[in-house]
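As a plain string of letters, each chain reads:
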Amino acid sequence: MTQIRLTNTRTRRKEEFVPIDPANVRLYLCGPTVYDRAHLGNARPVLVFDLLVRLLRHEYGDRAVTYVRNFTDVDDKINAEAQRRRAAGSDLSLEALIAERTEETIGWYHADMDALGAARPDHEPRATAYVGQMIAMTADLIAKGHAYEAEGHVLFDVRSFPDYGTLSGRSVDDMIAGARVEVAPFKRDPMDFVLWKPSSDDLPGWDSPWGRGRPGWHIECSAMSAALLGPHFDIHGGGIDLQFPHHENEIAQSCCAHPGAGFANVWLHNEMLQVEGKKMSKSLGNFFTVRDLLDRGVPGEVIRFVMMSTHYRKPMDWTEAKAQEAEAVLRRWHGLVAGIEPATSPAPALIEALADDLNAAGAIAALHDLAGRGDAETLLASARMLGLLLPGMGDWAQADAGAAGQIEALLAARLAARQARDFARADAIRDGFAAAGVEVKDTANGPEWSLAAGFDPARLADLARTHGT
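Thresholds, definitions, all that
- Residues numbered from 1 in each chain as written.
- Predicted model: local features only at pLDDT ≥ 70, side-chain atom pairs only at ≥ 80, totals over all residues.
- Heavy atoms only, no water.
- Helix = DSSP H or I, 4+ residues; strand = E, 2+ residues; numbered from the N terminus.
- Buried < 20%, exposed > 50% of the residue type's maximum accessible area, 1.4 Å probe, protein only.
- Salt bridge = Lys/Arg side-chain N within 4 Å of Asp/Glu carboxyl O.
- 1 Å grid on protein atoms, 1.4 Å probe; cavity = no way out; pocket = protein on both sides within 12 Å on 5 of 7 lines; lining within 4 Å.
- Points joined across faces, edges and corners; volume = space filled by probe spheres on them.
- Pairing = 2+ DSSP bridges.
- Axes fitted to C-alpha atoms, helices over the stretch in contact; angles between N-to-C directions.
- Expected span 1.5 Å × (residues − 1).
- Phe/Tyr/Trp six-rings, centres within 6.5 Å; stacked < 30°, edge-to-face > 60°.
- Lys NZ or Arg CZ within 6 Å of the ring centre and 35° of its normal.

A. Here's a closer look at the environment of G145. By secondary structure assignment, the location of G145 is in the loop between helix 4 (131–143) and strand 5 (147–150). Given a relative accessible area of 46%, G145 falls into the partly exposed group.

In structure tokens:
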């Protein structure tokens, strides 16, 4: 078994991963708030954890991993959209409009993440199905002296948990000085956060010991993870933007509700996403969703490849040039593996790269090496380990499958001609590519090709016949 090493945000060290129970490795990813389409940045933690789950299942077995990713379907933005639809003339109740919106958005999310080759988790709990557990946890925190009721709200007493700030590495006083916190006269301390809040008649709500209301955001993940994974599990993660306050608050309330349990052993956080070197934002006009890219014709497999090319702990820069390069590489690989069966196991070099803190870029380098050596069977098995070249995912490249085979054969013929110093033939193949609309770029990882807008399959076929491929 390969030793997996992961960078634990809480300890700020790369550590050997030792599961609590090797027969049931458990991990939790904070999922989306389902009020609208997932933007490109939302996809990054999904792909990071998809890669991690693939590695864990390879090492411990398919049935030895339990993966949970939640849906937050209690949120002010969801409520606002439902109220907008009712104001626009819908005769449905507010509750029905909220359910309609969340069902619609979850459907979009599934379709978009499926297109990226991300396998669905074992459990996808919705917050609304666990409100009873949230109420019970909140009442327990009050009973243990870690929370208090004030004006219909229940708040967590941050000062009651001495380890608060360990994850983000800041003291409570530093957080107050450096963060924008909600000011409310009923708070004992500015950093105290809401576990339960009252609901007016025009908002969704549930009966509780503190009146009709709804849960705060942070209590949701603590209640759902405890219900599905237990109070102590292996890995918890999400985007670095969730480190504080969301994950910090989860640790506090979970450790206080289950003293001695420890909550999550390892915390994984991915860095943020940029677009063409700039922070993605609507004001800059570079904000787009996964669906925007898919509808523009960017294959999900290409999106996945680009996002995996940067280590998860580094900012990832999405560029058109990277997408075009990824498409060329994947098109070539699809041509190499067309019609073959994968090897029984991926390349050891690829597994070693992934085991080193999910070094996907190193794993992709191993794929380039396999492609360069012509080991198509191991290439296919290894690529599938990364969620690439999966059955059905390459449909975008299949229209050119015949051309791909011809191009790969011609590239091999060109290489053979160069090695035999038959430069006239090598140049003829090069010129024939240009005439047929096949763009070839020689790189350190071997030739990469793409089809230009004026691609002529008949000319390519003539070129293939002329050079006996």
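Moving on, there is more to tell.
B. Fine view of the pattern of salt bridges. What the rule picks out here adds up to 29 salt bridges. Across the salt bridge formed by R37 and D112, the nearest N and O atoms sit 3.5 Å from each other. Placement of R37 in the loop between strand 3 (25–29) and helix 1 (40–60) and of D112 in helix 3 (residues 94–115) is noted, with a sequence separation of 75 residues between them. Among the residues examined, R37 registers a relative accessible area of 27% and is labelled partly exposed. On the basis of relative accessible area, D112 is assigned to the buried category, the value being 1%. Across the salt bridge formed by R126 and E103, the nearest N and O atoms sit 2.4 Å from each other. Of the two residues, R126 sits in the loop between helix 3 and helix 4 while E103 sits in helix 3, which places them 23 residues apart along the sequence. Each of D36, E81, R84, R85, E100, R101 and E104 takes part in salt bridges that share partners, so that together they form one network.

C. A look at empty space enclosed by the protein. Per the stated rule, a full pass over the model turns up three cavities of 30 Å³ or more. The computed volume of the largest cavity comes to approximately 110 Å³. At the level of elements, helix 1 and helix 9 (300–308) are the ones that each hand at least two residues to the lining of the largest cavity. Of the residues forming the lining of the largest cavity, the biggest block, four residues, is contributed by helix 1.

D. The sheet that holds strand 7 (residues 193–198), seen in detail. What the four strands build is an open sheet, ordered 5-6-7-8; its pairing is antiparallel. Only two strands of the sheet have a single partner each, and these edge strands are strand 5 and strand 8 (213–215). Neighbouring strand axes in the sheet, compared pairwise and without regard to direction, differ in orientation by 20° on average. Relative to strand 6 (residues 153–156), strand 5 runs antiparallel, the two being bridged by four bridges. Among the inter-strand pairings, Y148 is bridged to a residue of strand 6, identified as L155.

E. Representation of helix 7 (residues 243–257) within the structure. Relative to the 21 Å expected for 15 residues at 1.5 Å per residue, helix 7 spans 20 Å between its end C-alpha atoms, a close match to the ideal helical length. Within helix 7, 14 of the 15 residues are buried, which leaves the element mostly enclosed by the surrounding structure.

F. The pairing of strand 14 (residues 438–443), seen in detail. Taken together, the six bridges between strand 14 and strand 15 (residues 446–451) define a ladder with antiparallel strand orientation. Bridge assignment links V438 to a residue of strand 15, and that residue is L451. Taking the residues between adjacent antiparallel strands as the criterion, strand 14 and strand 15 are bridged by two residues.

G. Quick look at the packing of aromatic side chains. What the rule picks out here adds up to eight aromatic pairs. Seen from their ring centres, W196 and W210 are 5.9 Å apart, and the 55° between their planes marks the pair as tilted. Here W196 is found in strand 7, whereas its partner W210 is found in the loop between strand 7 and strand 8, with 14 residues between them in sequence. For the pair shown, W196 and W210 are each scored as buried. For the pair F233 and F263, a centre-to-centre distance of 5.3 Å together with 80° between the ring planes defines the contact as edge-to-face. Placement of the pair is F233 in strand 9 (residues 232–239) and F263 in strand 10 (residues 263–270), with a sequence separation of 30 residues. Accessibility assignment for this pair places F233 and F263 in one class, buried. Taken together, the ring pairs connect F233, F263 and W267 into an aromatic cluster. A cation over an aromatic ring shows up here: R170 above the ring of F244, its NZ or CZ 4.6 Å from the ring centre. Here the basic side chain of R188 rests over the ring of Y148, its NZ or CZ set 3.9 Å away from the ring centre.

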